[in-house]
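# Structural overview for review
So you can see what is in the structure, the chains are spelled out below.
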Amino acid sequence: MEVADPDADAQGGINWIRLAPARDTVGYSTGSVTLTKNSTALAGASTVWAAARDLGRPIRFPLHPLGGTFGLVKITDTTNAVLDRQWPFETMSAQLYEI
């Protein structure tokens, strides 16, 4: 699966990021997240994200099954990440997630 790079330069076209296939690592859901309406920003609380492990992996939010599966296209630090597309629903905090 490929998604547009959120850091692509507006004048140079679209850069593509290939999302990694599921790895043999066991999924996890440490902490909780805040999803902001019309934003790709993902803010974690007590999360332990790491680019080497999580970049490109699928993430879903089981309490909001209509949300579908998103990709993690950027891991800024252990508590901040960027989704492959905007969250289209209302802002939600303290949400469970599964990577």
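Please refer to the structure placed before this passage.
Described in the following lines is the structure provided in the data block.

Moving on, we get to the sheet that holds strand β8 (residues 92-95). Taken together, 6 strands build an open sheet; the order of strands is β5-β6-β7-β4-β3-β8 and the sheet is antiparallel. Strands with a single pairing partner mark the edges of an open sheet, and in this sheet they are β5 (58-60) and β8. Strand-to-strand, the axes of this sheet are offset by a mean angle of 35°, without reference to chain direction. Pairing geometry for β5 and strand β6 (residues 69-77), over 3 bridges, is antiparallel. Bridged to R60 within β6 is T69.

Before going further, it helps to examine the environment of A45. With respect to the secondary-structure elements, A45 resides in strand β4 (residues 41-45). The spacing of A45 and G31 is 14 residues in sequence and 5.5 Å in space, taken between C-alpha atoms. The residues contacting A45, other than those within four sequence positions of it, are G31 and S32.

Thresholds, definitions, all that
Starting afresh in each chain, residues are numbered from 1 along the sequence in its written order. For this predicted model, a pLDDT threshold of at least 70 governs which residues receive local features, and a threshold of 80 or more governs which side-chain atom pairs are given and counted, while totals over whole chains, interfaces and linings are taken from all residues. For side-chain calculations, the full set of non-hydrogen atoms in the structure is used, while hydrogens and water are omitted. Each pair of strands is called paired provided DSSP finds at least two bridges between the two strands. Every helix listed is a DSSP run of H or I at least four residues long, and every strand listed is a run of E at least two residues long, numbered separately from the N terminus. Lines fitted to C-alpha atoms define the axes here, with helix axes fitted over just the stretch in contact, and angles between the N-to-C directions of these axes take values from 0 to 180 degrees. Two residues form a contact once any of their heavy atoms are found within 4.5 Å.

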